[in-house]
Amino acid sequence: MPTYTAPTRDLQFVMHDLLKVSTADITGYNELEPEFTAAVLDEAGKLATEVLAPLNAVGDTQGCMLENGVVRTPEGFKQAYDQMKTGGWMGLDCDPEYGGQGMPYVLNTAVGEIFVSANMAFNMYQGLTHGAYSAIHTHGTDDQKATYLPKMVTGDWSGTMNLTEPHCGTDLGMMRTKAEPQADGSYKITGQKIFISAGEHDLTDNIIHLVLAKAPGGGEGTKGISLFIVPKFMVNADGTLGDRNTVTCGNLEEKMGIHGNATCVMNYDGATGFLLGDLHKGMRAMFTMMNEARVGVGLQGYAQAEAAYQNALAYARDRLQGRDVNGTKNPDGPADPIIVHPDVRRMLMDQKSFVEGARALTLWGAHLIDRSHRSGDADAEGLISLLTPVIKGFQTDKGFEMAVSAQQVFGGHGYIEENGMSQFVRDARITQIYEGANGIQALDLVGRKLAQDGGKHAMAFFEMVKTFIKENDSNAALKQGFLDPLKQASKDLQAAAMYFMQNGMKNPDNALAGANDFMHLFGHVCMGLMWARMAAAAQAALDGGASDTDFYETKIATGRYYMARHLPATTMHLARIQSGADTVMALDAASF
């Protein structure tokens, strides 16, 4: 059975050596002293290793069951959920006014990685609740916040988001779910939603559904959509639970992975709902939840790769097969461990360099979210808006690829269910699809985010890379292995953006056909920037006499691998982009 150990040392490195969170000029960051964050991460790691990780295979094999309208979660999930509640993990970064601990989002993100790596399907129950909490906290009335948030913060109640319908996913303007206004100010919600994660389960006393629906007078398309709070059980004036609302789970989807999470078909039969935010402005309110969810899914991509990598590494150290071509390394055994072989090393280095770079990028993104929300920094808000489709799309594409690579290390044993590697692959696969399929992320990046605010944020990113290179140009330890490759990769990214500007207006297909390549090109440049920054931080620690020399030297060596073996992919992606749309669109639909 797979095992998992929280990478607390590396999380600490990113937060303190790289981001220097405890000295950042962001409200609440002064609390993030290394001793404090270490204590939080250690406790999270203990819970993950001892409680959540052992349930990962249980959730995969047992799955969820629908019995008389009630979903039963896998054995042990309820007890584990109660332990999470008791530990206060649900409200780590939530508003103290509603019972939260008020910690910065960056710490919650670090903790979230640990829980996702240990048991992704389980963590989705509380992850969806956090997103619903954020939407109500941002757009709800005072009464709505007082009614729902305290119980959601403690985990006594959970939350969901309801967008997709059988006939529409990305194109929400085709939505059929209706909201009919009532005399008392409420609405009657009627329709069906599908693919609703944690839509029904036995972990909490109530489930607070956030549902997109069309109310009269909104017009066609997404402009007519509103967002509604639809509780599973009505809430009385004194906060106690009242009658069951007319919302039910009609079916559980049978899925490729994340079996421990209930993916539901939800039927709304005139269910009572309450408007959240402004009428006909539901997409704006929902995107508060969606943007948070997309960063969270980007985290899932590398967190699954981390768990898979840990097990592939352990296997490579133990599995005896063949001899090192440069001389026997295990003379007392019948063969050498497979970690001596260069191709196995390549796979492990691919995984290690991706995971550590993605961790830095995601925590930097969480840092930008904190800077935006806690300091009102509009530039930080614009930058994380630009980076969100990159974090989601690039990291989940690569995260799945790395989970497959980890499975490959096992050879045939990776294909056998008892070794657990297929679960990481199957669970990672959904991250490329939900919260906006990665093709949509690429279109969002090229079609909206790149030109947002007149291209201000993209230009700011280019300038950030340029400034970092200039400031470190005299650092001989960084120049050849890090700065020069980063400079070339950044030039490729700028050339791709220029191509879109020059050719996209004349033929939009030229931009759209290159969108996926641009997202990956951008992702590699982001990773290159993160690795260059981490190398600089590691070198500074070594120059400062740090005692943990092995850690910092390993960090630099891992970064050099990424810069040499992965960053050159930017040239390939640029060539694809500049080839335009002609070859992509050459065939008529009937010719396929």
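The structure this text deals with has already been given above.
Residues numbered from 1 in each chain as written. Predicted model: local features only at pLDDT ≥ 70, side-chain atom pairs only at ≥ 80, totals over all residues. Heavy atoms only, no water.

Of all nine residues that make up strand E6 (residues 206-214), nine are buried, and the element is covered over most of its length. What you see with E6 is no split at all: Asn206, Ile208, Leu210, Leu212 and Lys214 on one side and Ile207, His209, Val211 and Ala213 on the other are buried throughout. For strand E3 (residues 157-162) and E6, the ladder comprises six bridges, and the chain directions are parallel. For Trp157, the partnering residue across the bridge sits in E6 and is Asn206. When E6 meets strand E7 (residues 225-231), the two strands line up antiparallel, connected through seven bridges. (Buried < 20%, exposed > 50% of the residue type's maximum accessible area, 1.4 Å probe, protein only. Helix = DSSP H or I, 4+ residues; strand = E, 2+ residues; numbered from the N terminus. Pairing = 2+ DSSP bridges.)

What follows concerns the environment of Gly411. With respect to the helices and strands, Gly411 occurs in the loop between helix H9 (378-409) and helix H10 (421-429). Judged by its relative accessible area of 40%, Gly411 is partly exposed. Put simply, Gly411 and Phe77 are 334 residues apart on the chain and 32 Å apart in space, counted from C-alpha to C-alpha.

Our focus in this paragraph is the pattern of salt bridges. Within this structure, the stated rule accounts for 29 salt bridges. Close ionic contact of Lys193 with Glu165 constitutes a salt bridge, the shortest N to O distance being 3.0 Å. Residue Lys193 is located in strand E5 (residues 187-197), and its partner Glu165 is located in the loop between E3 and strand E4 (178-181); the two are separated by 28 residues in the primary sequence. For the pair shown, Lys193 and Glu165 are each scored as buried. With its nearest N and O atoms 2.7 Å apart, the salt bridge here joins Asp343 to Arg346. Here Arg346 and Asp343 lie together in helix H8 (residues 342-375), a separation of three residues that amounts to about one turn. For Arg346, a relative accessible area of 30% translates into the label partly exposed. Several salt bridges converge on common partners, so that one network encompasses Asp10, Glu113, Glu306, Lys352, Glu356, Arg359 and Lys555. (Salt bridge = Lys/Arg side-chain N within 4 Å of Asp/Glu carboxyl O.)

The next subject is helix H1 (residues 8-18). Of all 11 residues that make up H1, nine are buried, and the element is covered over most of its length. Listed as buried for H1 are Asp10, Leu11, Gln12, Phe13, Val14, Met15, His16, Asp17 and Leu18. Residues of H1 that are buried make contact with helix H2 (34-62), helix H4 (105-118), H8, helix H15 (515-543) and helix H16 (549-565). In the stretch just after H1, Lys20 is the one whose phi turns positive, near 50°. (Contact = heavy atoms within 4.5 Å.)

Per the counting criterion, the structure on display carries two cavities of 30 Å³ or more. In this structure, the largest cavity encloses a volume near 60 Å³. Lining the largest cavity we find Tyr81, Met90, Cys94, Gln126, Thr129, His130, Tyr133, Met152, Val153 and Gly155. Elements with a contribution of two residues or more to the lining of the largest cavity: helix H5 (120-139) and helix H6 (142-154). It is H5 that provides the largest number of residues to the lining of the largest cavity, a total of four residues. A class-by-class count of the residues in the lining of the largest cavity yields six nonpolar, four polar and no charged. In this structure, the second largest cavity spans a volume of roughly 50 Å³. Along the walls of the second largest cavity sit Asp350, Ser353, Phe354, Phe394, Lys398, Glu401, Met402, His524, Tyr562 and His566, which together make up its complete lining. Of all elements in the fold, only H8 and H9 reach the threshold of two or more residues within the lining of the second largest cavity. Sorting elements by how many residues they give to the lining of the second largest cavity places H9 first, with four residues. (1 Å grid on protein atoms, 1.4 Å probe; cavity = no way out; pocket = protein on both sides within 12 Å on 5 of 7 lines; lining within 4 Å. Points joined across faces, edges and corners; volume = space filled by probe spheres on them. Nonpolar A, V, L, I, M, F, W, Y, C, P; charged D, E, K, R; others polar.)

A positive phi angle is found at His280, which is not glycine, with a value near 65°. If you trace the backbone, His280 turns up in the loop between strand E11 (263-276) and helix H7 (282-318). At Asp453, a residue that is not glycine, the phi angle is positive and equals roughly 55°. The residue Asp453 is located in helix H12 (residues 452-471) in this model. Since its relative accessible area comes to 52%, Asp453 is described here as exposed.

Turning our eyes to something else, we now look at the environment of Ala477. On the secondary structure map, Ala477 appears in helix H13 (residues 476-503). It is 40 Å that separates the C-alpha atoms of Ala477 and Leu512, two residues lying 35 residues apart in sequence. Excluding anything up to four places from it in sequence, Ala477 contacts Phe482, Gln539 and Arg560.

It is worth spelling out the packing of H1 against H15 at this point. Packing of H1 against H15 leaves a shortest axis separation of 10 Å and a crossing angle of 80°. Between H1 and H15, the angle falls in the class roughly perpendicular. Contacts from Phe13, Asp17 and Leu18 of H1 reach H15 at Arg533, Met534, Ala537, Ala538 and Ala541. Across the contact of H1 with H15, the residue classes tally to six nonpolar, no polar and two charged. (Axes fitted to C-alpha atoms, helices over the stretch in contact; angles between N-to-C directions. Parallel < 35°, antiparallel > 145°, perpendicular 65-115°, else oblique.)

What follows concerns H8. Look at H8: 48 Å from first C-alpha to last across 34 residues, which is about the 50 Å you get at 1.5 Å a residue. Within H8, 26 of the 34 residues are buried, which leaves the element mostly enclosed by the surrounding structure. Gly376 sits one or two residues past H8 and shows a positive phi near 65°. (Expected span 1.5 Å × (residues − 1).)

Function-wise, these values are silent; they only describe arrangement.
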